[in-house]
Amino acid sequence: MNIIVCYKLVPDPEDVVAKPDGSISLDQAEWIISDYDLMAIEAAVQLVEANGGKVMALSVGPSQLANSKAKKDVLSRGPDELYLVVDDGLRDADTSLTARTLAAAVAKLGEFDLILTGEGSADLYFQQVGMQLGELLGLPTFNAISKVEWSGGKLAVERSLEDEVEALEVPAPAVLAVTTDINQPRLPSMKEILKAGKKPVVEWTLGDLAVQDGLAQRVEVLSVRSPKQVNRKQIRIEGKPEEAAQALIGHLSKEGVL
Amino acid sequence: MDFRLTEEQELLMSSLKELLEREAPESYIAELDEKHEFPWKPWKALADNGFLGLGIDEKYGGTPADVLTQCLVADVLGKYAFPVGVIYGLGVITIRDIEQFASDEQKARVLGGIIKGEPPVALGISEPQAGSDAAGLKTSAVLEGDEEWVINGQKIYCTLSNVAKYILLMTRDSKAENPYKGMSMFLLPTDTKGVRINPLPKVGWWSVPTCEVFLDDVRLPKSALVGTVNNGWMQLMANFEIERLILSASCVGAAEAAYEDAATYANQRVQFGQPIGNFQMIQEKLVDMAIKIENMRNYYYKIAWMMDNKMPVRHEHAMAKLYITQASFEVIDDAMQILGGMGYMMAHRIQRLWRDVRVMRIGGGTDQIMYNIAGPQLLKKFKK
């Protein structure tokens, strides 16, 4: 079976700097694969190991995507081929533009049986791209998938909902967004890292694709701000529980929390 | 001069850090230490993810890797799971000796097992009366009827021998006039009849067992010889340099762990109304520690680079081992000082690093032996 697995590069959360004015600096951030997508990649690799075929990794985004280490990183985790749409017009792309670009790239990839995505991205976590992509492609689309098996050209999946697990049979091709507990992603070995540099990589720009509605965005981001840092008040409440509770309520009311 | 690591090295180190976060968190390493247990689980995880095959020929299932990459692995292991770093470093010399001198059958059997997660082959050199002066070896090997070697003697400080499947054993032919031309190397299965192994209690390295080994009429087939009869000393010396360097690299990681603990503590610990990090005496310590870490890492980078470029490192590696093992202990000792009482408590990892790193100035050749190697070499350069 041929699987397309979508992933996103996000700034390493450890490198994100909140400036005193509340703005966020990503200047020093290394760009890494979004945690949630690692499970999608692992699920794709496991399905192909069990059933044969190939895994095509696909991502769209600005110039960071073309970073040689970032390419080796994703390929060292098991995909056979890598397809990228690298264009600075995709910097700060909203979920709609991301999904439309992915759909246009998928159209160039030929036959496939399944598209996998993570449940959301580690930076924005809108959880929409997979669903929009499925809609744009007109394919059966499900989120919250915690198990996928392939048999007789169909997908047997489990969908973890709040109080129950749905067992579904889904016709292929389909788009599935997987949960974080679907697997534990493998760690790249030196062998896989060395092999990664030799795997095929195809890079496109937006000019190579027919993206529906061009670069139109549906969401306008006005600003991104970190919560204001406030020094601890270091108030210690002592006394009997009833008195302490009253004192706590008093402090919270004074701060306008209650 | 380019100090950057290759993309492959950076990716490998990220992978290793993630593996250690999963399989060897600090709480687990502390628990193993307390129970004096070998780190089987992290060791198997390293094998499953290909780390134990680094530097071993592909023919046996390994992945070729340069000395620097192996040092980087030891450095990261040293930082997050020092005992595992020690075990990794100890394994390098026996792996190299076996790759270079053992028969194809021995190589396939031993190296194949190590790659799958068997403990390293223990090295049996020291005896009660013979440590750095290996010429004092007494353990004998006598060929009986041209069929079997019969071995008698005693080894001490034979680290890992009670968990290992094999000991790479050094013996001496007492009839040979020159002791250095009378030593032989054997691959001894630890379950052979006549082999008795007792772990020895010690200050640190509680997850890395060190033992005494009694050899009483141990019979080995002729094929158990590694390399050539009476060439054991030369074979042994061939790979001490890389072992010392890799073990040193693990000390750099340990020192960095201690430094980070100390710097974090200095920011948090409030005395006299302010964090102790505000006091210049604490800052001076932290800066000196950071300089030592920088120097130590640069030192092993350079020696590894020299080795990877086939340059001789006879005195250079000894000086690096001497400096790194001393400086890493100094950094950890200073970290303990900054943490004060907290650093001396068993609940904190600083005490474990302090106990574990101290022996690095003894094992693999003492400080004094390193001076002994380097000193004459330095003088030789200026002899007219």
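Draft legend 1. Up close: the overall build of chain A. Of the regular secondary structure elements, chain A holds six helices and 13 strands. Considering only C-alpha atoms, chain A reaches an extent of 70 × 40 × 40 Å along its principal axes. Looking at chain A as a whole, 44% of its 258 residues are labelled buried. In chain A, the proportion of contacts linking residues at least 24 apart, taken out of those at least 6 apart, comes to 74%.

Draft legend 2. Focus on unusual backbone geometry. In this structure, Pro-173 of chain A follows Ala-172 of chain A across a cis peptide bond, with omega equal to -5°. Topologically, Pro-173 of chain A is positioned in the loop between strand E11 (165-171) and strand E12 (174-178). Within the chain, His-36 of chain B stands out as a residue other than glycine whose phi angle is a positive 55°. Relative to the helices and strands, His-36 of chain B resides in the loop between helix H2 (26-35) and helix H3 (40-48). For Asp-217 of chain B, which is not a glycine, the phi torsion comes out positive at approximately 50°. Here Asp-217 of chain B shows up in strand E7 (residues 210-221). Residue Asp-217 of chain B is classed as partly exposed on the basis of its relative accessible area, which comes to 46%.

Draft legend 3. Highlighting the state of the cysteines. Counted according to the given criterion, the structure contains zero disulfides over all chains. The thiol of Cys-71 of chain B is not disulfide-bonded; the next cysteine sulfur, from Cys-251 of chain B, is found 11 Å away.

Draft legend 4. Spatial organisation of the nonpolar core. Ranked by internal contacts, the top residues of the largest apolar core, which has 97 residues, are Leu-46, Val-73, Tyr-88 and Tyr-300 of chain B. Here this core takes 14 residues from helix H8 (residues 240-268) of chain B, the largest share from any one element. Within the second largest apolar cluster, 37 residues are counted, among which are Met-1, Ile-41, Leu-75 and Trp-150 of chain A.

Draft legend 5. Representation of the domain arrangement of chain A. By the assigned domains, chain A splits into domain 1 (2-208) and domain 2 (228-258). Distance between the C-alpha centres of domain 1 of chain A and domain 2 of chain A: 46 Å.

Draft legend 6. Structural detail: the pattern of salt bridges. Residues and elements named next belong to chain B. In this structure the tally under the stated criterion is 37 salt bridges over all chains. The salt bridge involving Glu-23 is made with Lys-41; its shortest N-O contact spans 3.9 Å. Here the residue Glu-23 occupies a position in helix H1 (residues 7-23), and Lys-41 occupies one in helix H3, the gap between them amounting to 18 residues. Glu-23 sits in the partly exposed class, given a relative accessible area of 22%. Take Lys-41: its relative accessible area is 41%, and that puts it in the partly exposed class. Arg-352 is paired through a salt bridge with Glu-26; the nearest N and O atoms lie 2.9 Å apart. Within this pair, whereas Arg-352 is found in helix H12 (residues 349-358), its partner Glu-26 is found in helix H2, the two being separated by 326 residues in sequence.

Draft legend 7. Main features of the sheet that holds E7 of chain B. Residues and elements named next belong to chain B. With antiparallel pairing, the four strands of this open sheet are ordered in space as E2-E3-E7-E6. Unpaired on one side and paired on the other, strand E2 (140-144) and strand E6 (195-199) mark the two borders of the sheet. This sheet shows a mean twist of 10° between the axes of neighbouring strands, independent of strand direction. Looking at chain direction, strand E3 (residues 148-159) and E7 are connected through nine bridges and run antiparallel.

Draft legend 8. Local environment of a nonpolar patch on the surface. Together, Val-16, Ile-24, Leu-26, Val-219, Val-221 and Val-224 of chain A line one region of the surface with nonpolar side chains, adding up to about 470 Å² of accessible area. Tracing the backbone shows Leu-26 of chain A in the loop between strand E4 (24-25) and strand E5 (31-33).

Draft legend 9. Geometry of the domain arrangement of chain B. All names here are of chain B. Segmenting chain B into domains produces domain 1 (7-116), domain 2 (122-230) and domain 3 (239-381). Here the C-alpha centroids of domain 2 and domain 3 sit 32 Å apart. On the domain 2 side of the interface with domain 3, the three residues burying the most area are Ser-132, Trp-205 and Trp-206, jointly 67% of the side's total. For the pair domain 2 and domain 3, the number of links is zero salt bridges. The tally of links between domain 2 and domain 3 comes to two residue pairs in polar contact (both at pLDDT 80 or more). Its residues assigned to classes, the side of domain 2 that touches domain 3 shows four nonpolar, two polar and no charged.

Draft legend 10. Seen up close, the sheet that holds strand E1 (residues 122-124) of chain B. Residues and elements named next belong to chain B. Strand order across the open sheet formed by four strands is E1-E4-E5-E8, with mixed pairing between neighbours. Looking at which strands have only one partner, the edges of the open sheet turn out to be E1 and strand E8 (225-226). Direction of pairing for E1 relative to strand E4 (residues 166-172): parallel, over a ladder of three bridges. Directly across from Leu-123, in E4, lies its bridge partner Leu-168. The sheet strands contacting helix H6 (residues 104-116) are E4, strand E5 (183-189) and E8, and the helix crosses E5 at an angle near 50°.

Draft legend 11. Representation of the pairing of E2 of chain B. Residues and elements named next belong to chain B. Pairing of E2 with E3 involves five bridges; the strand directions are antiparallel. Considered in E3, the bridge of Glu-144 is made with Glu-148. Connecting E2 to the next strand, E3, in antiparallel fashion are three residues, including Gly-145 with a positive phi near 60°.

Draft legend 12. A look at the packing of aromatic side chains. Residues and elements named next belong to chain B. Here the structure, examined in full by the defined rule, presents ten aromatic pairs over all chains. Taking 6.4 Å as the distance between ring centres and 75° as the angle between the ring planes, the aromatic pair formed by Phe-272 and Phe-279 counts as edge-to-face. Here Phe-272 falls in the exposed class, since its relative accessible area comes to 75%. The exposure class of Phe-279 is partly exposed, given its relative accessible area of 28%. Here the aromatic residues Phe-38, Trp-40 and Trp-43 are joined through ring pairs into a cluster of three or more. Across the ring face of Tyr-28, the terminal group of Lys-41 is positioned such that the distance to the ring centre comes to 4.6 Å.

Draft legend 13. Focus on the interface of chain B and chain A. Contact with chain B, which involves 16 residues of that partner, is made by 13 residues of chain A. Both faces combined, the contact of chain B with chain A buries some 1600 Å², and carbon together with sulfur accounts for 59% of it. Contact with chain A buries area across many residues of chain B, yet Glu-8, Leu-11 and Arg-22 of chain B alone supply 38% of it, more than any other trio. Linking chain B with chain A are nine residue pairs in polar contact (both at pLDDT 80 or more). When residues in the side of chain B that touches chain A are grouped by element, the largest group, nine residues, is from H1 of chain B. Tallied by class, residues from the side of chain B that touches chain A come to four nonpolar, seven polar and five charged.

Parameters at a glance
- Residues numbered from 1 in each chain as written.
- Chains lettered and ligands numbered in written order.
- Predicted model: local features only at pLDDT ≥ 70, side-chain atom pairs only at ≥ 80, totals over all residues.
- Heavy atoms only, no water.
- Helix = DSSP H or I, 4+ residues; strand = E, 2+ residues; numbered from the N terminus.
- Buried < 20%, exposed > 50% of the residue type's maximum accessible area, 1.4 Å probe, protein only.
- Contact = heavy atoms within 4.5 Å.
- Disulfide = S-S within 2.5 Å.
- Core = buried A, V, L, I, M, F, W, Y, C linked by side-chain atoms within 4.5 Å.
- Domains from an automatic or database assignment.
- Salt bridge = Lys/Arg side-chain N within 4 Å of Asp/Glu carboxyl O.
- Pairing = 2+ DSSP bridges.
- Axes fitted to C-alpha atoms, helices over the stretch in contact; angles between N-to-C directions.
- Patch = residues over 30% accessible without salt bridge, like charges linked within 9 Å, V, L, I, M, F, W, Y side chains within 5 Å.
- Areas by Shrake-Rupley, 256 points an atom, 1.4 Å probe, with all protein chains shown as cover.
- Buried area = accessible area lost by both parts, 1.4 Å probe.
- Polar contact = N/O pair within 3.5 Å; in protein donor to acceptor, adjacent residues only side chain to side chain.
- Nonpolar A, V, L, I, M, F, W, Y, C, P; charged D, E, K, R; others polar.
- Phe/Tyr/Trp six-rings, centres within 6.5 Å; stacked < 30°, edge-to-face > 60°.
- Lys NZ or Arg CZ within 6 Å of the ring centre and 35° of its normal.

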